[in-house]
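Examination of the molecular architecture
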Amino acid sequence: MMRKQTNTLLSALAFAFASATVSVPSMLVATDAVAQEQKASEKKTRRVPTLRGKVYEQLARAQTAADEAGNVEEAIAILKEVEDKSDSMNAYEKAMMYNFFGFIYYNNEDYVKALESFAKVVEQQPIPEKFEMTTLFSLAQLNLMQGNYDETITYLERWESLNTGPVPVKNKVIKAQAYYQNKQYDEAAMWISEAVADHEAEGMIPDEGWLILQRAIFYELKQPQKVKDVLIKMVKLFDEPKYWIQLAGMYGELGEERKQLAIMETAYQRGFVNTSADVFNMAQLYYYHRVPYKGAKLMEQAMNDGVLEKNLRNLKFLGQSWSLAKEQDKAIPVMMQAAELSEDGELDAQLAQILLNEERFDDAIAAAERAVEKGDLRNPGLVYLIKGMALYNKKQYALALNQLAEAEKHQKSRAMAQQWKQFVQGEKRQADALASELGAS
């Protein structure tokens, strides 16, 4: 956007400069009739003094020094000589002198002095209306570049006070930029919306930067529905991967999860889901919509391709996705990798539960013991309950009862531990009785 502003500014400055240097010779050699015709034309707006040949020659010298010799210091020195005699100069001559100052400072990237000089141009009155308007517009753009947003708006409004037709789209965009940077989002929204609507009414496609600005403004105003509408337009017009992903995100923010998933799936099919963040978000969407198998396959492929890191967060979620998809043979090794990376015992506890359900009792006991060793468990009693149930299934009733007694000590697992204790005690009595009978016989 800055490059576009600079190009526009240079065009505006070049126009002002060209109008000065081209019109002066014709004025110097004009016949009385032509001169009178020019003056009559200017009377329609304002009476403007002429630029005398002697002043023009000095300004031309400065231009030659700056452009042909590349000597900025010499050019500025020449202009300062002219400025020293400014008491004898008329308003138009002074304005042209400061315009040359501003143009040279701008080309030398001394934007502060360029601004000061161009500001002095419009202080001189009377000057040609078109010249004043061109300079006002350049001042607005330069001030925007320098972060002087109030001044940007002020100069645009001065331009508009001289303008007899409708406000051009480019003015509205610059105003919107200034208001946005000034955190005056309501005003910014009004001007950028008008600019976009005007451009579309002419059958033209809005500039991508304008829609980016409009989207940002609506986001700051906390108007997600309007943000979504702008993104739909950007997807249709520019078809950029980032806009598809952002549109999916906005559907999610609006609670339209089905549309969010549909947009993400379309983006994935088109090859737009290729960052680790996008892959993980899409896997979460699959998990949320109860299609964890797709999410797990997506994450597994991304890990194999090196897009998704095999860290604790990703391995944990991949394991949970496989588990929810009832693919425990795939979930278990992934959960084991994740548990090895975890400093607390929570994942080992989850793994112990899965292993118990899969009737891998020795592995379940080992995982439960690792969970106890690491600690920091949300429900410590559950681990002892799992160990007790695994030991029961191994028919180690006494050891099972010891673990269930530990589970009883914790509030969250107490009721279930008591139920299992009664059951295991009954099984133990039957086993003991059977052993006694077999021993007696």
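The rules behind the values
- Residues numbered from 1 in each chain as written.
- Predicted model: local features only at pLDDT ≥ 70, side-chain atom pairs only at ≥ 80, totals over all residues.
- Heavy atoms only, no water.
- Helix = DSSP H or I, 4+ residues; strand = E, 2+ residues; numbered from the N terminus.
- Contact = heavy atoms within 4.5 Å.
- UniProt positions renumbered as here; feature names shortened; annotations may be inferred.
- Expected span 1.5 Å × (residues − 1).
- Buried < 20%, exposed > 50% of the residue type's maximum accessible area, 1.4 Å probe, protein only.
- Phe/Tyr/Trp six-rings, centres within 6.5 Å; stacked < 30°, edge-to-face > 60°.
- Lys NZ or Arg CZ within 6 Å of the ring centre and 35° of its normal.

What follows covers the overall build of the chain. Tallying secondary structure elements over the chain gives 23 helices and zero strands in all. In the chain, once contacts between residues fewer than 6 apart in sequence are set aside, the share between residues at least 24 apart is 54%.

As a further point, take the UniProt feature "repeat: TPR" (unreviewed entry) in the chain. Mapped onto this structure's residue numbering, the UniProt feature "repeat: TPR" (unreviewed entry) falls at residues 95–128. The straight-line gap between the two end C-alpha atoms of residues 95–128 is 10 Å; of that span, 71% is helix and 0% is strand.

Turning our eyes to something else, we now look at the environment of A91. Residue placement: A91 occurs in helix α5 (residues 91–107). As for A91 and I127, which are separated by 36 residues in sequence, their C-alpha atoms are 6.5 Å apart. Setting aside its immediate chain neighbours within four residues, A91 contacts P49, Q124, Q125, P126 and I127.

If you check helix α17 (residues 312–324), its first and last C-alpha atoms are 18 Å apart, about what 13 residues at 1.5 Å a residue would give, namely 18 Å. Burial in α17 covers these residues: N314, L315, F317, L318, G319, S321, W322 and S323. Taken together, the buried residues of α17 touch α15 (276–288), α16 (292–304), α18 (328–341) and α19 (346–357). Directly beyond the C-terminal end of α17, a positive phi value near 65° is found at K326.

A word on the side chain of E132. Mapped onto the fold, E132 is located in helix α7 (residues 129–145). With residues up to four places along the chain from it excluded, the contact list for E132 reads R46, V122, Q125, I127, R158 and L162.

Now for the packing of aromatic side chains. Under the criterion given, the structure shown has 13 aromatic pairs. Where F280 meets F317, the ring centres are 5.3 Å apart and the plane angle is 55°; that geometry is what we call tilted. With F280 in helix α15 and F317 in helix α17, this pair connects stretches of sequence that are 37 residues apart. Comparing F280 with F317 shows no difference in burial state: the two are buried. A cation sits over an aromatic face here: R313 above F280, 3.6 Å from the ring centre.

Below, the discussion takes up unusual backbone geometry. The step from Q125 to P126 runs through a cis peptide bond, and the omega angle for that step is 0°. Inspection of the secondary structure assignment puts P126 in the loop between α6 (111–121) and α7. A positive phi angle, near 60°, is found at E109, a position not held by glycine. Along the polypeptide, E109 turns up in the loop between α5 and α6. For E109, a relative accessible area of 58% gives the class exposed. Even without being a glycine, K222 presents a positive backbone phi close to 55°.

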